[in-house]
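Topology and contacts: notes
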Amino acid sequence: MAELWCEMVVAIMGMIVLSFGRSGIAGKTSTFVRSEWPSLDIPPDNQAFAIPKGRNAPQQVHITQGDYDGKAVIISWVTTEEAGQIEVKYGTLENQYAFSAKGVVTTYTFYNYTSGYIHHCLVDGLEYDTKYYYKIGMDGSAREFWFHTPPKIDPDASYTFGIIGDLGQTYNSLSTLEHYIHSGGQTVLFVGDLSYADRYEYDDVGIRWDSWGRFIERSAAYQPWIWSAGNHEIEYMPNMGEVSPFKSYLHRFATPHVASNSTSPLWYAVRRASAHIIVLSSYSPFVKYTPQWRWLQEELRRVNRKKTPWLIILMHVPLYSSNLAHYMEGESMRAVYEDWFVHSKVDFIFAGHVHAYERSYRISNIYYNVSSGDCCPVPDTSAPVYMTVGDGGNQEGLAGRFWDPQPDYSAFREASYGHSTLEIRNRTHAFYHWNRNDNGKKVAIDSVVFHNQYWASNLQRRRLKKRNS
Ligand SMILES: [Fe+2]
């Protein structure tokens with residue numbers, strides 16, 4: 001009963017927020033002043049980065065979706081002394097592993113650092129909506145985990161995503177991660193800038209990737225994290241002889257890009273429950289005729305809102321942000337893709353990069369050209385809502401300065417650490433919350449009920465009502 005009451009309150013709050021958006025009343029800049037914790041990385045020997053016991057024990061265990069439709073996972077882990085066991089044992093009963101799958105092992109060097117043995121294993125042919133147990137490693141140092149597969153692709157499948165960005169490995173990052181774990185989120189949509197290992201030099205870069213892998217394991221070994229890359233993954237460091245972009249990221253984090261006909265692990269798409277999720281790369285070529293542009297054009301054609309009503313795009317650099325930090329860095333990608341996003345009626349575009357939280361109204365700027373003079377975004381019911389969730393808590397601290405006055409397109413903004421959750425209920429409704437890390441507590445601050453951009457139109461709603469009557 002209490003839960004129902006809470007949902008009603010959230011729904012009413014959301015309707016108020018939505019109605020403000022329609023009537024053109026200006027957005028809100030939160031006056032909250034957070035309790036200052038230093039933005040310092042947790043020391044390497046801290047328990048948060050504990051190395052599992054046992055010789056050659058698997059560590060840095062994480063999973064991601066392994067196919068287009070959610071019937072596969074890629075399980076990744078690292079061993080330090082030898083490659084050891086390269087297979088995953090798995091099954092639907094605890095301690096009983098009826099199946100096994102063989103993976104691949106890779107290593108890389110970065111300056112004088114040599115990585116451990118990085119394992120990636122595709123486990124496919126899974127049943128939907130099922131709990132699987134899995135075991136990796138050998139003998140006394142073997143480790144066991146579990147995950148749930150999503151419901152089958154269905155327009156009314158309910159599912160909860162978490163959105164985390166710019167996480168890093170500070171005490172604030174730990175607070176974000178622990179709050180997220182208790183949020184009920186079933187899959188993380190990660191909007192880039194993972195470890196901030198590139199803030200270090202020489203061998204410490206690799207060492208901080210390893211500590212970050214152990215740091216996220218508490219969540220990422222048990223549910224998929226859908227990866228997108230940020231600027232901190234580029235690691236172009238010619239002073240150390242390292243000039244191959246995304247080297248650490250690409251070795252450590254697999255993505256199912258081939259399943260969506262992508263030619264690069266940096267941009268791809270997956271479908272999960274009732275959502276179609278498109279991952280873009282802010283730091284790869286994206287203008288007309290580039291591989292990413294061609295792929296996105298095709299992928300948007302493949303979207304079927306009758307099967308997956310919720311269309312979500314992840315990228316690192318926000319296309320709309322009123323924060324002074326990184327202001328208008330997304331303008332070139334906006335100029336190339338915004339028209340497609342509006343005509344495809346994208347529901348949400350989640351980004352990071354700016355270390356604060358912001359939500360936009362549905363606005364677009366697609367009529368602008370050099371002679372039209374229409375240079376300001378205008379309300380547009382077909383446009384996505386843009387969310388910046390770059391507030392995971394990394395060592396660079398918060399981006400606390402916003403443009404003043406708050407632009408008309410900005411609905412809510414606050415410079416605090418936190419994460420978001422998107423609770424998709426059915427084909428028409430989703431509950432969204434941005435959750436602030438408030439002095440050790442998780443507090444839902446920005447709560448909105450969203451109507452689906454495809455099914456919420458009057459025509460689609462009438463058809464649905466007629467079918468169900
Ligand atoms: Fe960034």
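Residues numbered from 1 in each chain as written. Predicted model: local features only at pLDDT ≥ 70, side-chain atom pairs only at ≥ 80, totals over all residues.

**Let's talk about the packing of helix α2 (residues 171-181) against helix α3 (residues 203-220)**
Here α2 crosses α3 at 15 degrees, and the two axes come no closer than 10 Å. Overall, the two elements α2 and α3 adopt an arrangement that is roughly parallel. Between α2 and α3 lies a crossing whose hand is left-handed. In contact with Leu177, Tyr180 and Ile181 of α2, α3 contributes Ile216, Arg218 and Ser219. Class assignment of the residues belonging to the contact of α2 with α3 gives a composition of four nonpolar, one polar and one charged. (Axes fitted to C-alpha atoms, helices over the stretch in contact; angles between N-to-C directions. Helix = DSSP H or I, 4+ residues; strand = E, 2+ residues; numbered from the N terminus. Parallel < 35°, antiparallel > 145°, perpendicular 65-115°, else oblique. Left-handed = near helix turned anticlockwise from the far one by under 90°. Contact = placed C-beta atoms within 7 Å. Nonpolar A, V, L, I, M, F, W, Y, C, P; charged D, E, K, R; others polar.)

**Some words on unusual backbone geometry**
Of note, the amide linkage connecting Asp404 to Pro405 takes the cis form, showing an omega dihedral of 5 degrees. Its location among the elements puts Pro405 in the loop between β22 (385-389) and β23 (410-414). The backbone of Asn95 sits at a positive phi, close to 65 degrees, despite the residue not being glycine. The class for Asn95 is exposed, based on 8 C-beta atoms found within 10 Å. In this structure, Tyr196 takes a positive phi of about 60 degrees despite not being glycine. Along the chain, Tyr196 falls in the loop between β13 (187-190) and α3. Residue classification places Tyr196 among the buried positions, given that 23 C-beta atoms sit within 10 Å. (Buried ≥ 20, exposed ≤ 12 C-beta atoms within 10 Å, placed from the backbone.)

**Quick word on the domain arrangement of the protein chain**
One frequently used descriptor of interface size is the decrease in accessible area upon assembly of the parts. Domain parsing of the protein chain yields domain 1 (2-42 + 154-468) and domain 2 (58-148). For domain 1 and domain 2, the distance between their C-alpha centroids amounts to 27 Å. Facing the 34 residues of domain 1 at the interface are 29 residues of domain 2. For the side of domain 1 that touches domain 2, the elements supplying multiple residues, two or more each, are α3, β14 (225-226), α4 (247-252) and β15 (268-272). No other element matches α3, which puts 10 residues into the side of domain 1 that touches domain 2. Residue composition of the side of domain 1 that touches domain 2, grouped by class: 16 nonpolar, nine polar and nine charged. (Domains from an automatic or database assignment.)

**Focus on the pairing of strand β12 (residues 159-164)**
Walk down a regular strand and you will see the side chains alternate between the two sheet faces. Within β12, five of the six residues are buried, which leaves the element mostly enclosed by the surrounding structure. Two strands pair when backbone bridges link them, and β12 and strand β24 (residues 418-424) are joined in this way by five bridges, in the antiparallel orientation. When the bridges of β24 are listed, Ile163 appears paired with Ser420. By the bridge criterion, four bridges tie β12 to β13 in an arrangement that is parallel. Its bridge partner lying in β13, Ile163 is registered against Leu189. For the segment spanning β12, α2 and β13, crossover handedness is right-handed. (Pairing = 2+ DSSP bridges. Right-handed = clockwise from strand over helix to strand, strands pointing away.)

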